[in-house]
Amino acid sequence: MAHQKILILDFGSQVTQLIARRVREAHVFCEVHPCDVGDDWVRQYAADGTLKGVILSGSHASVYEETTDKAPQAVFELGVPVLGICYGMQTMAHQLGGKVEGGHLREFGFASVRARGHTRLLADIADFTTPEGHGMLNVWMSHGDKVTELPAGFRLMASTESCPIAGMADDDRRFYGVQFHPEVTHTQQGRAILERFVLEICGARPDWIMRDHIAEAVAAIRRQVGDEEVILGLSGGVDSSVAAALIHRAIGDQLTCVFVDHGLLRLNEGDMVMDMFAGKLHAKVIRVDASEAFLGQLAGVGDPEAKRKIIGREFVEVFKAEAARLKAGLDGAHQGAKWLAQGTIYPDVIESGGAKSKKAVSIKSHHNVGGLPEQLGLKLLEPLRDLFKDEVRELGVALGLPPEMVYRHPFPGPGLGVRILGEVKKEYADLLRRADAIFIEELRNFIDPATGKSWYDLTSQAFAVFLPVKSVGVMGDGRTYDYVVALRAVQTSDFMTADWAELPYALLKKVSGRIINEVRGINRVTYDVSSKPPATIEWE
């Protein structure tokens, strides 16, 4: 099925992915590509007739500097609607004959914008109306420069006291610019504005729905793989689990999952993974217990980055050995594997400069299994590479995976290795596993009366951290000298910033009491009340 689509050109904003997520939430397919694609690329991208509109993202740059990126001129010649956001509005104005200048008053944070001119984009969208009858929008601003002169054909669409041109519109050509950021949750009508642009002005068909995507994805996997065999590194995390379920739906026993248990998983997690995939889905899963090897390599190592590198390196070596055996057909299969599957998702593709043009500077390299496709001579299968995390979760539920697995909180790749401060020991991992399990169990059990939701669902990430210090305690008539754990729970919409969760005292009291009474070796529990920034979510 050829989905109609929106093209998002990224000028380097930290929140470009949020634009794409908002468009996808309207059930319209979109892709993010770097802003420096050429005119020929844009025309080719639109050649099949599925392109319905273009969105230009924000940026930290200034459009009047000669070295600054501009939008490909072809964008304004395609005949499709264009929406410029922040810098996107400024480059639209600059390129179409308007004027942009550095502002004397910068706007960062909340602002009230007056909608003007009753343009198609903002018509009947407002947060409140002033006594004079002016429609007002509560928005999020982040800019220093501003448009000071409209291009020909445009009229004023919005303004603030410090930014007289906070929005501009050319309804005839369906070109629109807003100085604020509709993609962030702080802009209260942002979703309505983006849906107005995508669904009404662009006329895009809202057919990007995960339950319908399964059939498309299954057909694509079958076309790509044929009758060849596939290996997948199953970590137990959401991405690899959904990828495994999807590929298994497509090719059944042609898929072999390799589950490397590094001894740093959560309580009973390895057994849960095996029960789900080998037991319920009847997938072929090879479980490799490499816990002794991992713990041996980690002995005496306390530096967080060193621990991460050791865990990553050891995982690659263990997986590589098993994959080489499967590739050679030494497991008794009728043929060797030809494909390596990864749970790469769309943010990974964007962040690694993985857009089709390959012209963007790479922000970070991304290899789920350490570049193994090249090392093993296997072809790469990435069935989730077009999906955001929330879409992956929706797909997982549609595939029949239990919601409690699909909607689990994020868990770091190195596992408990970075939730044990300092040196990693088996004793520490065993204590932490049990304490963490109690915390999560009580979060699930404790219901917030105001929302009717559990505190597990009300937090974005929650876990226990093992502190390699001992404190004096009293249990019964005896003195104890045991370890300390810290509890961490945060709430966030994007994980770029996060607030510590104000858990009820009754919940914290119960968790603390259970851990101290049930986990022999821990006699003190603390709660982390640090937000991000300045702290990070994980401790290491």
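Since the structure is predicted, the reported quantities are computational estimates derived from the model, not experimental observations.

Trainee: Got a sec to walk through the sheet that holds strand β13 (residues 284-289)? Specific residues and values, please.
Mentor: For sheets, the rule is that strands pair by backbone hydrogen bonds, running either parallel or antiparallel. One open sheet accounts for 5 strands, arranged β13-β12-β11-β14-β15; its pairing is parallel. Where the open sheet ends on each side, the last strands, each with one partner, are β13 and β15 (379-381). In this sheet, neighbouring strand axes are inclined to one another by 30° on average, regardless of whether the strands run parallel or antiparallel. Alignment of strand β12 (residues 255-261) against β13, held across 6 bridges, turns out to be parallel. Note on β13: the bridge partner recorded for Val260 is Val288. Contacts from helix α6 (residues 238-251) reach β11 (229-233), β12, β14 (337-341) and β15, with the element oriented near 165° to β11.

Trainee: An account of the domain arrangement of the protein chain is needed here, citing residue identities and associated values.
Mentor: Segmentation of the protein chain into domains returns domain 1 (5-200), domain 2 (210-407) and domain 3 (427-527). Spacing between the C-alpha centres of domain 1 and domain 2 amounts to 38 Å. Taken residue by residue, the interface counts 14 residues in domain 1 and 14 residues in domain 2. Summed over both partners, the interface of domain 1 with domain 2 buries about 1,200 Å², with 53% contributed by carbon and sulfur atoms. Taken together, domain 1 and domain 2 are joined by 1 salt bridge. On inspection of domain 1 and its partner domain 2, the count reaches 3 residue pairs in polar contact (both at pLDDT 80 or more). Mapped onto the side of domain 1 that touches domain 2, the elements with two or more residues apiece are α1 (16-25) and β2 (29-34). A breakdown of the residues in the side of domain 1 that touches domain 2 according to their chemical character gives 6 nonpolar, 3 polar and 5 charged.

Trainee: Before we move on, could you go through the nonpolar core and cite the residues and values that matter?
Mentor: Ranked by internal contacts, the top residues of the largest apolar core, which has 51 residues, are Ile231, Leu443, Leu503 and Ile515. When residues in this core are grouped by element, the largest group, 9 residues, is from helix α14 (residues 426-445). Both of domain 2 (210-407) and domain 3 (427-527) provide at least three residues apiece to this core. Discounting residues that sit within four places of it in the chain, Leu503 has contacts with Phe439, Leu443, Trp455, Thr459, Ala489, Leu508 and Tyr527. Counting 42 residues, the second largest nonpolar core, distinct from the first, contains Phe29, Val218, Ile247 and Leu399.

Trainee: Talk me through the packing of aromatic side chains; I want residue IDs and the actual numbers.
Mentor: Taken as a whole, this structure holds 10 aromatic pairs when the rule is applied. With a centroid separation of 4.9 Å and 15° between ring planes, the pair formed by Trp41 and Tyr45 is classed as stacked. Here the residue Trp41 and the residue Tyr45 both occupy positions in helix α2 (residues 39-46), the gap between them amounting to 4 residues, near one helical turn. Residue Tyr45 is classed as buried on the basis of its relative accessible area of 10%. With centroids separated by 6.0 Å and ring planes inclined at 15°, the aromatic side chains of Phe315 and Phe319 adopt a geometry described as stacked.

Trainee: Go over the packing of α14 against helix α16 (residues 505-518) with me, naming the residues and quoting the values.
Mentor: Where α14 meets α16, the axes come as close as 10 Å, and the angle between the chain directions of the two elements is 150°. For the element pair α14 / α16, the angle class is roughly antiparallel. Between α14 and α16 the crossing geometry is right-handed. Only Leu507, Lys510, Val511, Arg514, Ile515 and Glu518 of α16 make contact with α14, whose side of the interface consists of Arg434, Ala435, Ile438, Phe439, Glu441, Glu442 and Leu443. Of the residues belonging to the contact of α14 with α16, the class tally is 7 nonpolar, no polar and 6 charged.

Trainee: Which residues make up the UniProt feature "active site" (unreviewed entry) in the protein chain, and what values do they have?
Mentor: UniProt records the feature "active site" (unreviewed entry) at Cys86, His181 and Glu183, using the numbering of this structure. Spatial clustering of the annotated residues is evident: they stretch over 98 residues in sequence, but the largest pairwise C-alpha distance comes to 11.0 Å. In this fold, Cys86 is placed in the loop between β4 (82-85) and α3 (87-95). For Cys86, a relative accessible area of 2% puts it in the buried group.

Trainee: Give me the lowdown on the pattern of salt bridges, citing residues and values where you can.
Mentor: Applying the stated criterion across every chain yields a total of 30 salt bridges. The closest approach of N and O atoms between Asp261 and Arg287, which form a salt bridge, is 3.1 Å. Of the two residues, Asp261 sits in strand β12 while Arg287 sits in strand β13, which places them 26 residues apart along the sequence. Put simply, Asp275 and Lys280 hold a salt bridge, and the shortest N to O gap is 2.6 Å. Overall, the relative accessible area of 40% leaves Asp275 in the partly exposed class. One continuous salt-bridge network, built from bridges that share partners, spans Glu441, Glu442, Lys510, Arg514 and Glu518.

Trainee: I'd like to hear about α14, residue by residue, with values.
Mentor: If you check α14, its first and last C-alpha atoms are 29 Å apart, about what 20 residues at 1.5 Å a residue would give, namely 28 Å. Residues of α14 that are buried include every one of Tyr428, Ala429, Leu431, Leu432, Arg433, Ala435, Asp436, Ile438, Phe439, Ile440, Glu442 and Leu443, and no others. Summarising the contacts, the buried residues of α14 are in contact with α15 (455-458), β16 (461-475), β17 (478-491), α16 and β19 (522-527).

Each value, and the rule that gives it
Residues numbered from 1 in each chain as written. Predicted model: local features only at pLDDT ≥ 70, side-chain atom pairs only at ≥ 80, totals over all residues. Heavy atoms only, no water. Pairing = 2+ DSSP bridges. Helix = DSSP H or I, 4+ residues; strand = E, 2+ residues; numbered from the N terminus. Axes fitted to C-alpha atoms, helices over the stretch in contact; angles between N-to-C directions. Contact = heavy atoms within 4.5 Å. Domains from an automatic or database assignment. Buried area = accessible area lost by both parts, 1.4 Å probe. Salt bridge = Lys/Arg side-chain N within 4 Å of Asp/Glu carboxyl O. Polar contact = N/O pair within 3.5 Å; in protein donor to acceptor, adjacent residues only side chain to side chain. Nonpolar A, V, L, I, M, F, W, Y, C, P; charged D, E, K, R; others polar. Core = buried A, V, L, I, M, F, W, Y, C linked by side-chain atoms within 4.5 Å. Buried < 20%, exposed > 50% of the residue type's maximum accessible area, 1.4 Å probe, protein only. Phe/Tyr/Trp six-rings, centres within 6.5 Å; stacked < 30°, edge-to-face > 60°. Parallel < 35°, antiparallel > 145°, perpendicular 65-115°, else oblique. Left-handed = near helix turned anticlockwise from the far one by under 90°. UniProt positions renumbered as here; feature names shortened; annotations may be inferred. Expected span 1.5 Å × (residues − 1).

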